[in-house]
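Architecture and fold: a report
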Amino acid sequence: MELQERLKEVWSRIAAAARDAGRAEPAVQLVAVSKTFEADTIRLAIDAGQRIFGENRVQESQGKWPGLKAETPGIELHLIGPLQSNKAAEAVALFDVIETVDREKIARALAEEMKRQAKVVRLYVQVNTGLEPQKAGIAPDDTAAFVRFCRDELGLAIEGLMCIPPADENPGPHFALLAKLAEKCAVKKLSMGMSGDYETAIAFGATSVRVGSAIFGAR
Ligand SMILES: *Cc1c(COP(=O)(O)O)cnc(C)c1O
């Protein structure tokens, strides 16, 4: 199957999962994860109509996205990988949404950069729902206080929560936990679900799913 056919299949499976969950189709957005793929490959997805993309590295993104964004107005680029505070300036300049805010230092660096660049980047807090030591994200128990800190101390509007469940576990309970935390924090958006489990995530209330290999192929 060609990339554009795989993309269309993902769109239709998202629509079907949204319908099954009794939700309006536009309530679930696709973030097409294009990490490791070249601009020419990404352009095929753009030509098919995809506009929201996710990347996990700032430096890699700087090599391909300024050009792609200049070619096509209306691209929305999400950072879905860990961010170091020394890359905050570059991240604020290039990305429209940063999904991986997970500690005070990075939240402060982003607040400063947004002010300096007079640019608003939409922000999500990453939650380490499985408390995995090797994984980024704030602990579930600390999430509400961290979201409050971002809002009250730094004036950052946190739009959503994001999680990556442990690879070897049933993701359902992790998606349920993220949805519960979002409600507790009065945060509206939920970024959860990848190629292997995006339909499950939609059933648990995902407002965006991050799908890479099911569209672009194996990395
Ligand atoms: C790579 C990546 C994805 C996409 O994973 P696939 O299994 O290829 O769909 C989603 N979220 C994050 C944070 C990623 O790094």
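Residues numbered from 1 in each chain as written. Predicted model: local features only at pLDDT ≥ 70, side-chain atom pairs only at ≥ 80, totals over all residues. Heavy atoms only, no water.

1. Considerations on the packing of aromatic side chains
Using the following cut-off: Two rings from Phe, Tyr or Trp (for Trp, the six-membered ring) form a pair when their centres sit within 6.5 Å of each other. Planes less than 30 degrees apart are called stacked, planes more than 60 degrees apart edge-to-face, and all others tilted. The helix and strand labels rest on DSSP assignments: H or I over at least four residues marks a helix, E over at least two residues marks a strand, and numbering proceeds from the N terminus. We call a residue buried when its accessible area falls under 20% of the maximum for its residue type, exposed when it is over 50%, and partly exposed in between, using a 1.4 Å probe and counting protein chains only.
In total, this model carries four aromatic pairs according to the counting rule given. Geometrically, the ring pair formed by Phe-37 and Phe-216 is stacked, given 5.3 Å between the ring centres and 25° between the ring planes. Linking Phe-37 in the loop between strand 1 (29-33) and helix 2 (39-47) with Phe-216 in helix 9 (residues 213-216), this pair joins segments that are 179 residues apart in sequence. Both residues of the pair, Phe-37 and Phe-216, belong to the buried class. Seen from their ring centres, Phe-175 and Phe-204 are 6.4 Å apart, and the 55° between their planes marks the pair as tilted. Here Phe-204 lies in the loop between helix 8 (198-203) and strand 8 (208-211) and Phe-175 lies in helix 7 (residues 172-185), a separation of 29 residues in the sequence.

2. Structural notes on unusual backbone geometry
Positive phi is not limited to glycine here, since Ala-118 has a value of about 50°. For Ala-118, the location among the structural elements is in the loop between helix 5 (104-117) and strand 5 (122-127). Residue classification places Ala-118 among the exposed positions, given a relative accessible area of 72%. We note that Leu-131 has phi near 50°; this positive angle belongs to a residue other than glycine. Within the element layout of this structure, Leu-131 appears in the loop between strand 5 and helix 6 (140-152). Look at Leu-131 and you get exposed, because its relative accessible area is 59%.

3. A few points about the environment of Leu-77
For the record, the criterion: Here, two residues are considered to be in contact whenever any of their heavy atoms come within 4.5 Å of each other.
Within the secondary structure, Leu-77 is located in strand 3 (residues 76-79). Setting aside residues up to four positions removed in sequence, Leu-77 forms contacts with Phe-53, Glu-55, Trp-65, Lys-69, Leu-94, Phe-95, Asp-96 and Val-97.

4. Observations regarding the layout of surface pockets
Using the following cut-off: Put plainly, a pocket is an open set of points on a 1 Å grid over the protein atoms alone with protein on both sides within 12 Å along at least five of seven lines, a cavity is a set where a 1.4 Å probe fits but cannot get out, and a lining residue has an atom within 4 Å of a point. Grid points are joined across faces, edges and corners, and a volume is the space filled by probe spheres set on the points. For this classification, Asp, Glu, Lys and Arg are treated as charged, while Ala, Val, Leu, Ile, Met, Phe, Trp, Tyr, Cys and Pro are nonpolar and the rest, including Gly, are polar.
There is about 550 Å³ of room inside the largest pocket. Of the residues belonging to the lining of the largest pocket, the class tally is eleven nonpolar, nine polar and six charged.

5. Topic: the site of the ligand
Using the following cut-off: Whether a residue is near a molecule or strand depends on its heavy atoms: it is near if one of them lies within 4 Å of it. By the criterion applied in these results, polar contacts are pairs of N or O atoms within 3.5 Å in which, for protein atoms, one can donate a hydrogen and the other can accept it, and in which residues neighboring in sequence qualify only through two side-chain atoms. The Shrake-Rupley method, run with a 1.4 Å probe sphere, supplies the accessible areas, and residue values consider only the shown protein chains as cover. Being in a pocket or cavity means that more than half of the molecule's atoms lie within 2 Å of its grid points.
The environment of the ligand is made up of Val-33, Lys-35, Ile-80, Met-162, Ile-164, Met-194, Ser-195, Arg-210, Val-211, Gly-212, Ser-213 and Arg-219. Residue Gly-212 places a main-chain N or O atom 2.8 Å away from an oxygen atom belonging to the ligand. Here an oxygen atom of the ligand and a backbone polar atom of Ser-213 are 2.8 Å apart. Compared with its free state, where it exposes 390 Å², the ligand has 89% of that area covered by protein. In this structure the site holding the ligand corresponds to the largest pocket. By residue class, the composition of the shell around the ligand is six nonpolar, three polar and three charged.

6. Side note on the pairing of strand 5
The following threshold applies: Following DSSP output, two strands are said to pair if at least two bridges run between them. Handedness of a crossover is defined as follows: orient the strands so they point away from the viewer, and if the path from the first strand over the helix to the second runs clockwise, the crossover is right-handed.
Of all six residues in strand 5, five are buried; the element is thus mostly enclosed. Inspection of the sheet shows strand 4 (residues 97-101) paired to strand 5 by three bridges, in the parallel sense. If you follow Val-101 over to strand 5, its bridge partner there is Val-125. At this point the chain moves from strand 4, through helix 5, to the parallel strand 5, and the crossover so formed is right-handed. The sheet contact formed by strand 5 and strand 6 (residues 158-163) spans five bridges and is parallel. What sits directly across from Gln-126, in strand 6, is Met-162. In this fold, strand 5 hands off to helix 6, which returns the chain to strand 6; that crossover is right-handed.

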